[in-house]
Amino acid sequence: MLSARLKEETKAAHQSLEKAMVVYIRKVQTEEQYVRLLQLFYGFYRPLEERIARYVDDSIMPEFNSRAKTGRLLNDMDNGAADDNILAVDLPVIESLAAALGAMYVLEGSTLGGEYIAKMLASQSGIKDSRLSFFNSYGNKRMEMWAGFIETINSYGNDSNISRQVVDSASQTFLKFKSWLIAFYTPVEAAVLPFR
Ligand code: HEM
């Protein structure tokens, strides 16, 4: 099954991203820091979702439109706090349906970890449910939405060439998101003066 292969072949990349991300999530104590965390996701997800939408629609992926995460991020940032000048440029290359599905695997899978992140943010920083729509994502429909996604992914798994492209794109997406995370939280002075 392509889904099992995706999980297996991106396991290390997921662990590495999760480990790096938990550090920053734990630091979120204030509203301002929460909005910054959302901007981290917005900066990567928004341009990536635009690229994915060139290849995927409702006829390919059930409930494609309601899976979009950019709108949820905007809702949670409140009052138009999103900054369109802070967007990732080094994104996975999406030039086929297979590559789009691989990147989407990473975005959809993040709803599974989102459940834990939402709980952390609610308890440590007191963020209200109405501002956690991105991390809470589909709420009690989470596993149903994940099952629908996986079913579609597996329907593309018979072609080894396509499977390879889906897995490569998912791996690339994990790696690039982690690079974006590091760059996003690295103070400019430290980046310019590494030996200070
Ligand atoms: C603190 C951060 C995170 C935590 C604690 C976390 C935790 C989890 C957990 C508990 C699962 C379910 C594992 C299972 O049922 O086998 C999961 C799955 C997944 N997560 Fe994360 N995650 C985090 C961040 C992320 C991020 C940022 C992404 C992507 C942008 C991501 C992508 C995925 C994917 C693709 C899966 C599905 C794996 C599969 O194929 O079953 N995760 N995560």
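Let me begin by describing the structure that accompanies this report. Per-chain numbering applies: the sequence of each chain, read as written, is numbered from 1 onward. The predicted origin of the model limits local features to residues at a pLDDT of at least 70 and limits the giving and counting of side-chain atom pairs to 80 or more, whereas totals for whole chains, interfaces and linings rest on all residues.

## A closer look at the overall build of the chain
Argument step 1. Of the regular secondary structure elements, the chain holds 9 helices and 0 strands.
Argument step 2. Helices and strands in the chain line up, N terminus first, as α-α-α-α-α-α-α-α-α.
Argument step 3. Overall, the C-alpha framework of the chain stretches about 50 × 40 × 30 Å when taken along its three principal axes.
Argument step 4. The burial label depends on the number of other C-beta atoms within 10 Å of a residue's C-beta. Counts of 20 or more mean buried, 12 or fewer mean exposed, and intermediate counts mean partly exposed, with C-beta atoms placed from the backbone. Going through the 196 residues of the chain one by one, you find that 30% of them count as buried.
Argument step 5. C-beta atoms are placed from the backbone for every residue, and two residues are taken to be in contact when these atoms lie within 7 Å. Contacts spanning at least 24 positions in sequence make up 83% of the contacts within the chain whose residues lie at least 6 apart. A run of H or I in DSSP becomes a helix once it reaches four residues, and a run of E becomes a strand once it reaches two; helices and strands are each numbered from the N terminus.

## Description of the packing of helix α3 (residues 31-52) against helix α4 (residues 70-77)
Packed helix pairs are characterised by how far apart their axes lie and by the angle those axes make with each other.
Argument step 1. Note on geometry: axes are C-alpha line fits, over the in-contact stretch for helices, and angles between N-to-C directions span 0 to 180 degrees. Where α3 contacts α4, the two axes come as close as 9 Å, and the packing angle between them is 155°. Judged by the inter-axis angle, α3 sits roughly antiparallel to α4. Note that α3 runs across α4; the crossing there is left-handed. Along the contact surface, α3 presents V35, L38, F41, Y42, Y45, R46 and E49, while α4 presents T70, L73, D76 and M77.
Argument step 2. Polar here means any residue outside two lists: the nonpolar Ala, Val, Leu, Ile, Met, Phe, Trp, Tyr, Cys and Pro, and the charged Asp, Glu, Lys and Arg; Gly therefore counts as polar. When its residues are assigned to classes, the contact of α3 with α4 shows 7 nonpolar, 1 polar and 3 charged. The cut-offs work like this: below 35 degrees is roughly parallel, past 145 is roughly antiparallel, 65 to 115 is roughly perpendicular, and the gaps in between are oblique. Here a crossing is taken to be left-handed if its near helix is turned anticlockwise relative to the far helix by less than a right angle, and right-handed if that turn runs clockwise.

## What about the site of the ligand?
Argument step 1. The immediate surroundings of the ligand are formed by 17 residues, with K7, G109, S110, L112 and G113 found nearest.
Argument step 2. Breaking the shell around the ligand down by element, the ones donating at least two residues are α1 (2-9), α2 (11-26) and α5 (97-125).
Argument step 3. For the shell around the ligand, a count of residues per class yields 11 nonpolar, 4 polar and 2 charged. Here is the check we use: build the C-beta atom from the backbone, and if it is within 6 Å of the molecule or strand, call the residue near.

Fair warning: the whole summary comes from geometry, so function is off the table for now.
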